[in-house]
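Listed below are the residues making up each chain.
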Amino acid sequence: MNSMNLNIKQRKLVINSLLQIIFIISRINTIMGYEFPDGFLFGASTAAYQIEGAWNEDGKGVNIWDHLVHNRPELIKDRTNGDIACDSYHKYKEDIALAKNLNLKFYRFSISWTRILPSGEVNSLNLDGIAYYNRIIDELIANDIIPFVTMYHWDLPQYLQDLGGWVNPIMSDYFKEYARVLFTHFGDRVKWWITINEPMQISKGYAHCLYAPCLHLNNTGYYLAAHTLLIAHGKVYRMYENMFKSQQKGNISFSINGVFFIPKNADSPDDIKTAERANQFERGWFSHPVYKGDYPSIMKEWVNKKCLKEGRPWSILPTFSDDEIKMIKGSTDFFSLNYYSSRWVTHGNDLNLNYNPDAEYMTFVKESVFRSPDAPWLASIPNGLRQLLKWLNNEYGNPPIIITENGYGDNGQLNDFDRINYLKGHLNATLQAIHEDGCNVKGYTVWSLLDNFEWMDGFSIHFGLVKVDFSDPQRSRTPKASYEFYKNVVSTRKLTTDTVSKISPNE
């Protein structure tokens, strides 16, 4: 049929199809033309409880995850635990060799507080724990890999939890003294530090039973824990600044996570306001005090309003003193960002406990968006990462950003093409943010180098570039297809034509 005879509806379909083809071609050409800048840092992330195992070896004390999985195993999806995990305590050289073969610039790992200080207090220093992390740091440096260290990745000593954990303000001083030990013993070689990983997720363990210590203190616990975590970070940063930085010359950050919220209707002023409010509750909650001082005004306004409506005599959102605001503001050398997914929002009340009801928003995922069958919360929305990077640029004056976690969960297959497509999209979004939006992104980190213990999901979800056989006493490791994909990106600093398939315009 001649195109002149097509009816209007058919013409529109043809035009839309042509536009889609043009879009895809232009996107491929865009990807082919962009490279990651010289000096861009590529890495992979892990965390102590998730990979180390050796839960009670060589003087290590009990942490809140040891306590939870041993006393309430039914809370873990597959009733597993991290007692052995990947056995990286004994196999760390093999893991570093895998990182070396990937040509990684840095390897992000965390230190187990109870392996260093079994009770959490500095009067119980465990020299075997110090020696273990010295071996890891030295092995990384010997392989020309930068050690990128997280001080706290969710494994609080149980003794300190018995004192109240992060809802007890004194915890900030315990954390400061723990950090002093780390700077003293490792700071001569470690130049990249993250004090606390994902404080929002940590705080959810006090609000609801979503993580250890699995308490039900609702938003009161949520805000109290977060407040202490922010003060703890500020104290550690200022201590380093005053006592260690001039000699050790390191960089310190505070790892902030959260989905990015997009207006359900881009033309709706109400949806636009709701999305901004949700982003301030989700991300501004922790980044605003660090970059601007104090909590976002919209957050204080809405929590105060909610508390007044409920008949409370005061707001459950704590107040910083003037000295605390001064201490926390500016307490970062780069923005450490963990990103996995986004959501569309409109005004309403979401029953999902992962979202803060005080902000009054409802979340959606478009039907066209691909979601992991094994981790349904993980909707692949690369453009959400780009929009988030632009948001951070505009909100905080384009700070240097290192994406310290980004990854995809599946059932552990070696031909993990869905993971490759997820990583493709997000690496492309990062390139676009750098080259088209001027975002100051300095590095990108895959979560994770290894399949590992994924908290309340146990071993039912796998995020690794490397498969770990948890049924094998030797915990054998096998690189997946995504391992080779990422190695190619790291080696060439770009996405090539064979790495752009299945990037959808809708993403």
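Up top you'll find the structure we're talking about.
All of the points below concern the structure found in this document.

About the criteria used
Numbering of residues starts from 1 in each chain and follows the order in which that chain's sequence is written. Totals for whole chains, interfaces and linings use all residues, but because this is a predicted model, local features are given only for residues with pLDDT of at least 70 and pairs of side-chain atoms are given and counted only at 80 or more. Side-chain measures here rest on the full set of heavy atoms in the structure, leaving out hydrogens and waters. Pairing of aromatic side chains here covers Phe, Tyr and the six-membered ring of Trp, requires ring centres within 6.5 Å, and sorts the geometry by plane angle: under 30 degrees stacked, over 60 edge-to-face, intermediate tilted. By the criteria applied, helices consist of DSSP H or I runs no shorter than four residues and strands consist of E runs no shorter than two, each listed in order from the N terminus. Between buried and exposed lies partly exposed: a residue is buried under 20% and exposed over 50% of the maximum accessible area for its type, with that area taken using a 1.4 Å probe on protein chains only. Sitting over a ring, as applied to charges here, requires NZ of Lys or CZ of Arg to be within 6 Å of the ring centre and within 35 degrees of the ring normal.

1. What to know about the packing of aromatic side chains
Then comes step 1: The tally for this structure, following the rule as stated, stands at 49 aromatic pairs.
Then comes step 2: Pairing Phe148 with Phe334 gives two aromatic rings, centres 6.0 Å apart and planes at 70°, and the pair type is edge-to-face. Taken as a pair, Phe148 in strand S3 (residues 146-152) and Phe334 in the loop between helix H14 (322-328) and strand S7 (335-338) lie far apart in primary sequence, 186 residues in all.
Then comes step 3: Overall, Phe148 belongs to the buried group, its relative accessible area being 1%.
Then comes step 4: On the basis of relative accessible area, Phe334 is assigned to the buried category, the value being 3%.
Then comes step 5: Between Tyr444 and Tyr486 the ring centres are 6.3 Å apart and the planes differ by 55°, which places this aromatic pair in the tilted class. Of this pair, Tyr444 sits in strand S11 (residues 441-447) while Tyr486 is found in helix H17 (residues 481-492), placing the two residues 42 residues apart along the sequence. Summarising the burial analysis for this pair, Tyr444 and Tyr486 share the class buried.
Then comes step 6: The structure contains a cluster of three or more aromatic residues connected by ring pairs, namely Tyr49, Trp65, Trp154, Tyr211, Phe453, Trp455, Phe459 and Phe470.
Then comes step 7: Across from the ring centre of Tyr132, 5.7 Å away, lies the NZ or CZ of Arg115, which sits over that ring.

2. A short note on unusual backbone geometry
Across residues other than glycine, the phi torsion is negative in most instances, and most of the peptide bonds are trans.
Then comes step 1: Residue Pro213 follows Ala212 across a cis peptide bond; omega there is 10°.
Then comes step 2: Topologically, Pro213 is positioned in the loop between helix H9 (199-207) and helix H10 (218-243).
Then comes step 3: The step from Trp447 to Ser448 runs through a cis peptide bond, and the omega angle for that step is 10°.
Then comes step 4: Structurally, the position occupied by Ser448 is in the loop between S11 and strand S12 (466-468).
Then comes step 5: You will see that Ala85, though not glycine, has its phi angle at about 50°, which is positive.
Then comes step 6: Mapped onto the elements of the fold, Ala85 is located in the loop between helix H3 (64-71) and helix H4 (88-101).
Then comes step 7: With phi around 85°, Trp154 is a residue other than glycine that occupies positive phi space.
Then comes step 8: Checked against the element boundaries, Trp154 lands in the loop between S3 and helix H7 (158-162).
Then comes step 9: A residue is classified by how much of its surface remains accessible, and Trp154, at 6% relative accessible area, is buried.

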